[in-house]
Amino acid sequence: MSTPVQQVSNHVIKKFLWGLVAVVGACAIGGIALQRGESINAMWIVVAAICVYSLGFRFYSAWIAARVLSVDPARATPATRLNNGRDFVPTHRWIVFGHHFAAIAGPGPLVGPTLAAQFGYLPGTLWILVGAVLGGCVQDMVILFLSTRRNGRSLGQMARDELGPVGGYAAIAGTLMIMVILIAVLGLVVVNAMKHSPWATATVAATIPIAILMGFYLRNIRPGRVLEGSLIGVALLLFGVFGGGWIDGHPLLRTWFDLDGPALARCVIAYGFIAAVLPVWVLLAPRDYLSTFLKLGVVVLLAIAVILMQPDLKMPAVTQFVDGTGPIFGGKMFPFLFITIACGAISGFHALISSGTTPKLISTEADIRMVGYGSMVLESSVAVIAMIAATLLDPGVFFAINSAPGFVGATADAAVTTITNWGFPVTAEQMHALAKEMGEATLFGRTGGAPSLAVGMASIFASVTGQGLLALWYHFAIMFEAVFILTTIDAGTRVGRFMVQDALGHLWKRAGETSWYPSVLLSSALAVAGWGYFLYIGVIDPNGGINILWPLFGIANQLLAGIALSVATGILVKQGRLRFAWVTGAPLAWLAIVTTTATWQKVVSPDVRIGFFAAADQLAEKLAAGTLSAQQAAVAPQLIFNQRLDAAIILILTTLLWIVIADMVRTCWRVANDLPVLPTSEVVVPPASNLTSTMESG
């Protein structure tokens, strides 16, 4: 036992070390923000991120857990009280952490920062760090806590129970609509990443039987042997990764996994349905847990490679495209930077997971801080690595890959001339040589962020292992991105199932029972049909469909975060914690301003690269004037309709957000004036230590 003097000494040492972390972090951020006119080493960003995340998790999350939320490790959670072996299953903290991280870490932290690099490395990096620690991590942890205290209720349910029918039904309608958009776009990204890629398809497919085997191993064969099961699962996962490369090189087997877009879309739709109806321990939790090893392994290896290389960033801190003339997407840095980078900073989709599958797996409230705040810190670090990987490329190469041919020119010579005139020199020969090294026919016009990120990742790995492995690392990175995304689809679909069941429960009480299998099958089919329809239409229609809905992805995501933070703020005030309402209220205010501004610009802007109506009207004029080719004229009516549909959807969603905010403000005003409000929906339960065998069933 240590003496009082030793305890004081240890306390002083800890305070000194954390103070040193704060000073180093401040210096690193200052170096990033103030350095101009010359290259900056990537280590500045790495050091800043490590310091900011460490301080946020150690102090801010601990303060929120203890003072704002009053987390109680002795309180029985829904997973222990309502354990039904299907949806409510008390699960080891590391498996829950892996599931939650895999579910929230979709394409956003990879693609968003890559696309936002058109503004330079500085704006996106600062938003990722500040947005995550003060916004995204807080949202995820608070919503997870509130849902756990309410028997795992969904975000829409909590809004209805705590705020009232107006805000509640607006939140339910908004989350359902946004969920369809988000999962459909995620599905499109994963289909495009795996299309005609036998290696990626075979490896992703292999994770399914491996996960099922691991689920049965940990539940029935060797219960509780998490480390043992993890080692077996990781070994099989690595075998699947290298096996996918072997299949890609086999002349016969590769044809079995060389699938086109529609075929892959059908596979993704079928997988989403199966993952939603099977017990969570069979496929969803172990698959996400295993995928986490691949995700974390790659991210850690990238971080190690960056530390060993200590490369200089080649992208300027701030580019001229902050004025809205960027070639990748139109719009000024405000508000579109904060829409483009959602996951990695703050993402509404995370609130669906935090009020969906995860609260039904938490075995003790002590795990909420690590799972909620910690998983988001980890996802944000992925966004930092993605930003570094994108900005390590020559700016000319970066813009040549990510700029659409219609903006820079349809030919290689036209594209390089346009990009060079911007002040970012690049040659056609340079791009052809790079494509050959990556094993691709061309890299011009490979929009969407994923290909350029894969090039950046391959360059980092090859700098350590040798340039002769560039093609191997490039295709590995494409596969890695596909795995990242697919784990979000399965968890999102299951959350969608819960939301549909909640809605059906208002029409027929039995349909709202999450464990009644007829309801499980019906609601899963409806959830999958919702996003599957838009996914399939987008895949088979290269000229429109869901592709035109892509601009809605970022705005819808942040609108959903606004709804989640509104619900959280209202509950905190109702529970007598008005002095802490700023914890969720401040990020809510920022998102409300950003999303409303973005919606306004997307609707009324006369710039055809920004405004939905402007783009639709221009295309309609060309169609009427007969200046379109026969092929363009054939799809023009559909494109015009989709642009106007975009505008209508975004207006509806923004209106729903403000209805929820208004209802939250009304509730807070009534609390402040001692007027009656709806009683809290928090479930009163005995401490976990007093829980007997008379647990409730699902």
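Residues numbered from 1 in each chain as written. Predicted model: local features only at pLDDT ≥ 70, side-chain atom pairs only at ≥ 80, totals over all residues. Heavy atoms only, no water.

Undergrad: Please set out the pattern of salt bridges residue by residue, giving values where relevant.
TA: Enumeration according to the criterion identifies 13 salt bridges in this entry. The salt bridge involving R75 is made with E365; its shortest N-O contact spans 3.5 Å. Here the residue R75 occupies a position in the loop between α2 (42–68) and α3 (78–81), and E365 occupies one in the loop between α15 (348–354) and α16 (368–391), the gap between them amounting to 290 residues. A residue is classified by how much of its surface remains accessible, and R75, at 11% relative accessible area, is buried. Taking the relative accessible area as the measure of exposure, E365 reaches 1% and is therefore buried. With a closest N to O distance of 3.1 Å, R149 and E682 form a salt bridge. Within this pair, whereas R149 is found in the loop between α6 (121–148) and α7 (155–163), its partner E682 is found in the segment after α27 (630–672), the two being separated by 533 residues in sequence. Of the residues examined, R149 reaches a relative accessible area of 9% and is grouped as buried. (Salt bridge = Lys/Arg side-chain N within 4 Å of Asp/Glu carboxyl O. Helix = DSSP H or I, 4+ residues; strand = E, 2+ residues; numbered from the N terminus. Buried < 20%, exposed > 50% of the residue type's maximum accessible area, 1.4 Å probe, protein only.)

Undergrad: Account for unusual backbone geometry, with residues named and values stated.
TA: A cis amide bond, omega 10°, links F334 with the succeeding residue P335. The residue P335 is located in helix α14 (residues 333–340) in this model. In the Ramachandran plot, N151 falls in the positive-phi region, its phi being about 60° despite a non-glycine side chain. At Q310, a residue that is not glycine, the phi angle is positive and equals roughly 50°. You can see Q310 is positioned in the loop between α13 (284–309) and α14.

Undergrad: Break down the side chain of S347 for me, with residues and values.
TA: Turning to its location among the elements, S347 is positioned in the loop between α14 and α15. In this structure the side chain of S347 is engaged in a polar contact, spanning 3.3 Å, whose partner is the backbone nitrogen of F349. Once residues within four sequence positions are removed from consideration, S347 is found in contact with Q139, A342, N557, Q558 and A561. (Polar contact = N/O pair within 3.5 Å; in protein donor to acceptor, adjacent residues only side chain to side chain. Contact = heavy atoms within 4.5 Å.)

Undergrad: Residue-level account of the packing of aromatic side chains, with values.
TA: Pairs of aromatic rings are described using the distance from one ring centre to the other and the angle between the two planes. Within the structure shown, the criterion is met by 18 aromatic pairs. Ring geometry for F321 versus F399: centroids 5.3 Å apart, planes at 70°, classification edge-to-face. With F321 in the loop between α13 and α14 and F399 in helix α17 (residues 395–402), this residue pair connects regions lying 78 residues apart in the sequence. With respect to class, F321 is no different from F399; both count as buried. Look at F399 and you get buried, because its relative accessible area is 0%. Through pairs of rings, three or more aromatic residues link up here, namely F321, F398, F399, W422 and F424. The ring centre of F59 lies 4.7 Å from the NZ or CZ of R58, which sits over that ring. We note K602 situated over the ring of F612; from NZ or CZ to the ring centre the distance is 4.7 Å. (Phe/Tyr/Trp six-rings, centres within 6.5 Å; stacked < 30°, edge-to-face > 60°. Lys NZ or Arg CZ within 6 Å of the ring centre and 35° of its normal.)

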